[in-house]
Amino acid sequence: MSNFYVGVDVGGTTVKIGIFSHVGELLEKWEIPTRTENDGEFILPDIVNSIEAKREERGGNILGIGMGIPGPMTEDGVVLKCTNFGWGVFNVRNTMADMTGVGKVKVGNDANVAALGEVWKGGGRGHDSIVMVTLGTGVGGGIIQNGKVMTGSQGAAGEIGHIKVEFNNPAQCGCGCKGCLETYASATGIVRMAKENLPDKSKLADLEEITAKEVFDQAKAGDQYAMSVVDRFARYLGIALSNIAHVVDPEAFVIGGGVSAAGPIITDLVSKYYNEYAMYALKDKEFHLAELGNDAGIYGAVRMVLF
């Protein structure tokens, strides 16, 4: 029998859950489906039932629960609508505390929580202030200043994907605006750019399906058109990160998400464009790839309740 902490990362498809020791050692992790039907009414009960089953199996007590939610979160645990789940406005922290009987529950935006995990155990180790950008289907972000998550007045700080980077014939974004970083630096944005004016001589034209991975692979192999797409992606991201740096002046940037699997080609090119657009005092920041992968969320979530 032992006491433990729980980190929960609620995603659109699955919920990742981890059990941690009092010193932050990951003891066990698993996933459950995210049931979003009926406006997400099953999500929290499913999480509670899964955690309780594991507690009965292991014995002991749950000392704290940390959670990452894909939506704007206030510091006191209120989610300000989560459209992926159909959630409105309610206090997730209080609801989880009532359902589990655990007194120490903390909740944060999933991207901010992942950034906290990377600072603690991943690519941001050794830094107190970082900006993390996650490049996946969309573009997310988290800002850590002096070891703490920057949430903003309404929990919406760090929405890096919606910084405007293109004003001439800008692409439409799902947020309703145009020219957002997400439409150029996400996996879907990279594919969209690759399909624009795709020349027959490019190897990408021979593929049945173009993916962001294929774009980077062909760029590494020397395909000139793929290289131009990757260069365009890096320029937009470099512009966005330089804009952020002029406001928060981080020690380093950490780049994660599925697109980051392309490796150093991203950090090399993005840092080049970042330095082109950053003022002198902000040049030459460190750029790192995220290291925790899909576990960043559960690490960051439990970090909130451990310290």
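Above this text is the structure in question.
Residues numbered from 1 in each chain as written. Predicted model: local features only at pLDDT ≥ 70, side-chain atom pairs only at ≥ 80, totals over all residues. Heavy atoms only, no water.

### Considering helix 7 (residues 212–220)
Listing the buried residues of helix 7 in full gives Ala212, Val215, Phe216, Gln218 and Ala219. All buried residues of helix 7 project into a common sector of 165 degrees when viewed along the axis, lining one side. In this structure, the buried side of helix 7 is in contact with helix 6 (187–195), helix 8 (224–248) and helix 9 (264–277). With its phi angle positive at about 100 degrees, glycine 222 sits one or two positions after the end of helix 7. (Buried < 20%, exposed > 50% of the residue type's maximum accessible area, 1.4 Å probe, protein only. Helix = DSSP H or I, 4+ residues; strand = E, 2+ residues; numbered from the N terminus. Arc of directions from axis to C-beta. Contact = heavy atoms within 4.5 Å.)

### A short note on the packing of aromatic side chains
Tallying each qualifying case throughout the model produces 10 aromatic pairs. For the pair phenylalanine 253 and tyrosine 274, a centre-to-centre distance of 5.3 Å together with 65 degrees between the ring planes defines the contact as edge-to-face. With phenylalanine 253 in strand 11 (residues 252–256) and tyrosine 274 in helix 9, this residue pair connects regions lying 21 residues apart in the sequence. Across this residue pair, the class does not change: phenylalanine 253 and tyrosine 274 are buried. Aromatic pair tyrosine 274 and phenylalanine 287: ring centres 5.5 Å apart, planes at 65 degrees, arrangement edge-to-face. Taken together, the residues span a long stretch of sequence, with tyrosine 274 in helix 9 and phenylalanine 287 in strand 12 (residues 286–289) at a distance of 13 residues. Note on tyrosine 274: relative accessible area 0%, which makes it buried. Sitting over the ring of phenylalanine 42, arginine 35 keeps its end group 4.3 Å from the ring centre. (Phe/Tyr/Trp six-rings, centres within 6.5 Å; stacked < 30°, edge-to-face > 60°. Lys NZ or Arg CZ within 6 Å of the ring centre and 35° of its normal.)

### Structural notes on the sheet that holds strand 9 (residues 139–145)
Taken in spatial order, the five strands make up an open sheet running 10-9-8-11-12, and their pairing is mixed. Single-partner strands in this sheet number two, and they are strand 10 (148–149) and strand 12. Of the pairings in the sheet, the one linking strand 9 to strand 10 comprises two bridges and is antiparallel in character. Paired with glutamine 145 across the two strands is lysine 148, which belongs to strand 10. Taken strand by strand, helix 4 (residues 110–121) contacts strand 8 (130–135), strand 9, strand 10 and strand 11, and its axis lies near 55 degrees from that of strand 9. (Pairing = 2+ DSSP bridges. Axes fitted to C-alpha atoms, helices over the stretch in contact; angles between N-to-C directions.)

### Here's the deal with the packing of helix 4 against helix 10 (residues 296–306)
Contact geometry of helix 4 with helix 10 gives a least axis separation of 7 Å together with a crossing angle of 80 degrees. Relative to helix 10, the element helix 4 is oriented roughly perpendicular. In this structure, helix 4 uses Val113, Ala114, Leu116, Gly117, Glu118, Trp120 and Lys121 to contact helix 10, whose residues at the interface are Ala296, Gly297, Tyr299, Gly300, Ala301, Val302, Arg303, Met304 and Leu306. Taken together, the residues of the contact of helix 4 with helix 10 sort by class into 10 nonpolar, three polar and three charged. (Parallel < 35°, antiparallel > 145°, perpendicular 65-115°, else oblique. Nonpolar A, V, L, I, M, F, W, Y, C, P; charged D, E, K, R; others polar.)

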